[in-house]
Amino acid sequence: MTAAAAGRLGIDIGGTKVALRVERDDGGVAESSFRWAGRSSRPEDDLGLLARHVGELCAGRPQGLRGVGVALPATLDAAGTVTVWPGRPAWAGFALGAALSALFGAAEVACADDGDLAALAEADAAGCADLLYLGVGTGVGGGLVLAGRPVPGVGRGSCEVGHLVVDRDGPLCDCGRRGCVQAAASGPATLRRAARHRGAEVPFTAFRQAVSDGEPWAVAALRESCAALAAAVAGVCELTRPALVLIGGGFAAAVPQLVPMVAERTALLRRPGHPLPPVRPALLGGLSSLHGAVLLARGLPAG
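All figures in this text were calculated on a predicted structure; none of them were measured in a lab.

Moving on, we get to the packing of helix 3 (residues 114-126) against helix 10 (residues 288-298). Contact geometry of helix 3 with helix 10 gives a least axis separation of 7 Å together with a crossing angle of 85 degrees. What the angle tells us is that helix 3 and helix 10 run roughly perpendicular. Of the residues in helix 10, those in contact with Asp 114, Leu 117, Ala 118, Leu 120, Ala 121, Glu 122 and Asp 124 of helix 3 are Ser 288, Ser 289, His 291, Gly 292, Ala 293, Leu 295 and Leu 296. When the residues that make up the contact of helix 3 with helix 10 are grouped by side-chain class, the tally is 7 nonpolar, 4 polar and 3 charged.

Below, the structure is given as structure tokens:
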């Protein structure tokens, strides 16, 4: 990347996959993605892999970037050290902030919760200042935007929609509690439920086809997940009154019946005189967090 082509980089770090998007000052855009080597790989090795792909995307000049925004599901302390990340437990204690500063040199780098950034990007795409976003994939994340700003706000933690308790006696979540919407409605949780209904293991492709074919065991498994998601939507909307609810994430995007089913179940939870907002598919598909990371990078001063 030449000095004239410097730009902003968004990085969406997931538990199994990383997506990159650079928007150059000359108007050019480039994207790429890769998968981590394994769930238990060392964070130093993971960052080496990230550095290689960033270098390829930026023509060997990552230090020429003007700003870098990073979306990730891990919890960081004030110093940028990972305190907990169930999806990649080996990262606990890893000084991510320092590693990113070393990689990008003088470029400003900021990290934020992937759900919060996804909500911000979806609100921007929808032109909606008051919006709730849920991302249904390997886990369930999400974020809330009110008056155009993420809630609770930068430096005040993230909006952990996926850890709302929707069933006090529900399945165990990786956070240690029972009945979180993530434990009840994520992609893996839905497949586990489908396997119980069917009495045999269910690969994702077989589940998706079974839902499309109207197989009772698959539809029942999906309905239970959608009921949990609808309960979370209704609870958040009672407190915050967003104008719109958007649902994205890889699992939701791959199972097109999910969002209409959540919309139907949400409508059934309305109280007389208190309608709930419409529930629709996310506008950015599986790229919500990545676009949110770019927005974060755009808001950074040049390094």
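The next point concerns helix 1 (residues 43-57). Here helix 1 contains 15 residues, and its C-alpha end-to-end distance of 21 Å stays within 8% of the 21 Å for a straight helix at 1.5 Å per residue. Residues of helix 1 that are buried: Pro 43, Asp 46, Leu 47, Leu 49, Leu 50, His 53, Val 54, Gly 55 and Leu 57. On its buried face, helix 1 sits against strand 1 (7-13), strand 2 (17-24), strand 3 (29-35) and helix 2 (96-104). Of the residues flanking the end of helix 1, it is Ala 59, one or two places downstream, whose phi is positive at about 55 degrees.

Take Ser 186: it is sitting in the loop between helix 4 (181-185) and helix 5 (187-198). Ser 186 gets classed as buried once you look at its relative accessible area, which sits at 4%. At 3.2 Å, the side chain of Ser 186 and the backbone nitrogen of Ala 189 are in polar contact. Not counting residues up to four positions away in its chain, the partners in contact with Ser 186 are Val 136, Gly 137, Thr 138, Gly 139, Val 140 and Val 181.

Evaluated as defined, the whole model comprises 11 salt bridges. Residues Arg 52 and Glu 56 are paired through a salt bridge, measuring 3.4 Å at the closest nitrogen-oxygen approach. Here Arg 52 pairs with Glu 56, and both are found in helix 1, just 4 residues apart, close to one helical turn. The network of salt bridges with shared partners includes Arg 21, Glu 23, Glu 31 and Arg 298.

What follows covers the environment of Leu 72. Structurally, Leu 72 can be placed in strand 4 (residues 67-72). By relative accessible area, Leu 72 is classed as buried at 1%.

Basis of the calculations
- Residues numbered from 1 in each chain as written.
- Predicted model: local features only at pLDDT ≥ 70, side-chain atom pairs only at ≥ 80, totals over all residues.
- Heavy atoms only, no water.
- Axes fitted to C-alpha atoms, helices over the stretch in contact; angles between N-to-C directions.
- Helix = DSSP H or I, 4+ residues; strand = E, 2+ residues; numbered from the N terminus.
- Parallel < 35°, antiparallel > 145°, perpendicular 65-115°, else oblique.
- Contact = heavy atoms within 4.5 Å.
- Nonpolar A, V, L, I, M, F, W, Y, C, P; charged D, E, K, R; others polar.
- Expected span 1.5 Å × (residues − 1).
- Buried < 20%, exposed > 50% of the residue type's maximum accessible area, 1.4 Å probe, protein only.
- Polar contact = N/O pair within 3.5 Å; in protein donor to acceptor, adjacent residues only side chain to side chain.
- Salt bridge = Lys/Arg side-chain N within 4 Å of Asp/Glu carboxyl O.

Geometry only, nothing functional implied.
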